[in-house]
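Working through the structure, step by step
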Amino acid sequence: MPEARFKENKSNMNILDNIRIVLVEPIFGGNIGSVCRVMNNNGITDLAIVKPRPETDWEDARKLSCSAKAQLEARKEFATLAEAVADCTVVAGTSARTGFYRDTSHSPREFAPVALESAKGHKIALVFGRENKGLSNEELARCTHIIQIPSSELYTSLNLSHAVMVCCYEIFVASGTFQPSEEKAEEANSELRERMFDVWREMMLKTEFTHEQKLEHMMMGLRRIFSRGKLTVPDVKILMGLAKQSIWVSDQWKKVNQ
Ligand code: SAH
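Since this is a predicted model, take the numbers as computed values, not measurements.

**Overview of the pattern of salt bridges**
Throughout the structure, instances matching the rule amount to 18 salt bridges. Note that R75 is salt-bridged to E77, the shortest N-O span being 2.9 Å. Residues joined by salt bridges that share partners form a network here, namely R20, D46, K76, D87 and K123.

Written as structure tokens, this is what we have:
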């Protein structure tokens, strides 16, 4: 079950509960829906919208939120940025532009541990701007940190929901909530590997893949290939079985063609 990949420790979840995503006057309902989805992908659930536009296409928002519709419904709405972040210690503004103190900006990866440290005991906010003109200088001035997502000079401005994704993802990964999958099979030891190489040596001769004079050279090549990654016991058993079967087929063929 996928749940097995998440740490039982609930404290990481509580830390993520303290992280608020603030969207300032978003234009497209679809982006709001996509933001709900990426927030939930990363275990973040506190969404605030500052000055939602009366013309917002909420149907589009619902469509793009997919299975995060409850997240969309749970959003809080505020008349000003000041109110949306009033209870937050760290307030991080995000911006693709340069100038106005943005040269002191942090990448989302650098910012993630700062966010998690503060979120242990306090609410913190990540603030995102309008799709057409970002955050104003006054709004950025209210922020304690500025985050700039590294991007190509070909196009430095990300789609709003993509920008939220990158920031939330870095925090989620840094929180250690997710357990990356691990190889569970036992690693093959030298004795087992050598048994496999013996069978391959015999197979390469019997199938006339190579001859005695070139055999050790070939074996060295094979050793190099099989040393490039970790060989597990089941891997070695497959490789040994393949060579044994080739020997058997080669013996049969020789009997028939004698
Ligand atoms: N034309 C606007 C871009 C707005 S994109 C501008 O020049 O500011 C919408 C929002 O996505 C931005 O306000 C910011 O919050 C976020 N965003 C987009 N690209 C970003 C980047 N490279 N770094 C940080 N935030 C970014």
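**Let's talk about the site of the ligand**
Neighbouring the ligand are 18 residues; T94, R97, I149, T156 and L158 lie closest to it. Within the side chain of T94, an N or O atom sits 2.6 Å from an oxygen atom of the ligand. In the environment of the ligand, a nitrogen atom lies 2.8 Å from a nitrogen or oxygen atom belonging to the backbone of L158. Among the residues forming the shell around the ligand, the class breakdown is 7 nonpolar, 8 polar and 3 charged.

**Remarks on the nonpolar core**
Residues I21, L23, L126, F128 and V164 are the most contacted members of the largest nonpolar core, which totals 36 residues. For this core, the leading source of residues is helix α8 (residues 160-175), giving 7 residues. Apart from the residues within four sequence positions on either side, I21 is in contact with V35, M39, I44, D46, L47, A48, L126, F128, V164 and C168. Counting residues in hydrophobic clusters, the runner-up holds 19 residues, among them F197, M204, L215 and L222.

**Overview of the side chain of E139**
With respect to the helices and strands, the residue E139 is situated in helix α7 (residues 137-141). Taking relative accessible area as the criterion, E139 reaches 14% and is therefore assigned buried. At 2.7 Å, the side chain of E139 forms a polar contact with the side chain of R130. Look past the residues within four positions of E139 in its chain and what remains in contact with it is V24, L81 and R130.

**Remarks on the domain arrangement of the protein**
What the domain assignment reports for the protein is domain 1 (5-179) and domain 2 (190-256). Between the C-alpha centres of domain 1 and domain 2 there is a distance of 55 Å.

**Section: the pairing of strand β5 (residues 123-128)**
When you tally the buried positions in β5, you get 5 out of 6 residues, the bulk of the element. Here 4 bridges tie strand β4 (residues 88-94) to β5, and the two strands are oriented parallel to one another. In the sheet register, C88 faces β5, and the bridge partner there is K123.

**Points about the sheet that holds strand β2 (residues 46-50)**
Here 6 strands make up an open sheet; going across it, the order is β3-β2-β1-β5-β4-β6 and the pairing parallel. Single-partner strands in this sheet number two, and they are β3 (76-78) and β6 (145-147). Taken over all neighbouring pairs, the strand axes of this sheet differ in orientation by 25° on average, direction set aside. Note: strand β1 (residues 19-24) against β5, 5 bridges, orientation parallel. Bridging across to β5, I19 finds its partner in I124. The sheet strands contacting α8 are β1, β4, β5 and β6, and the helix crosses β5 at an angle near 150°.

What counts, and where the lines are drawn
- Residues numbered from 1 in each chain as written.
- Predicted model: local features only at pLDDT ≥ 70, side-chain atom pairs only at ≥ 80, totals over all residues.
- Heavy atoms only, no water.
- Salt bridge = Lys/Arg side-chain N within 4 Å of Asp/Glu carboxyl O.
- Near = heavy atom within 4 Å.
- Polar contact = N/O pair within 3.5 Å; in protein donor to acceptor, adjacent residues only side chain to side chain.
- Nonpolar A, V, L, I, M, F, W, Y, C, P; charged D, E, K, R; others polar.
- Core = buried A, V, L, I, M, F, W, Y, C linked by side-chain atoms within 4.5 Å.
- Buried < 20%, exposed > 50% of the residue type's maximum accessible area, 1.4 Å probe, protein only.
- Helix = DSSP H or I, 4+ residues; strand = E, 2+ residues; numbered from the N terminus.
- Contact = heavy atoms within 4.5 Å.
- Domains from an automatic or database assignment.
- Pairing = 2+ DSSP bridges.
- Axes fitted to C-alpha atoms, helices over the stretch in contact; angles between N-to-C directions.

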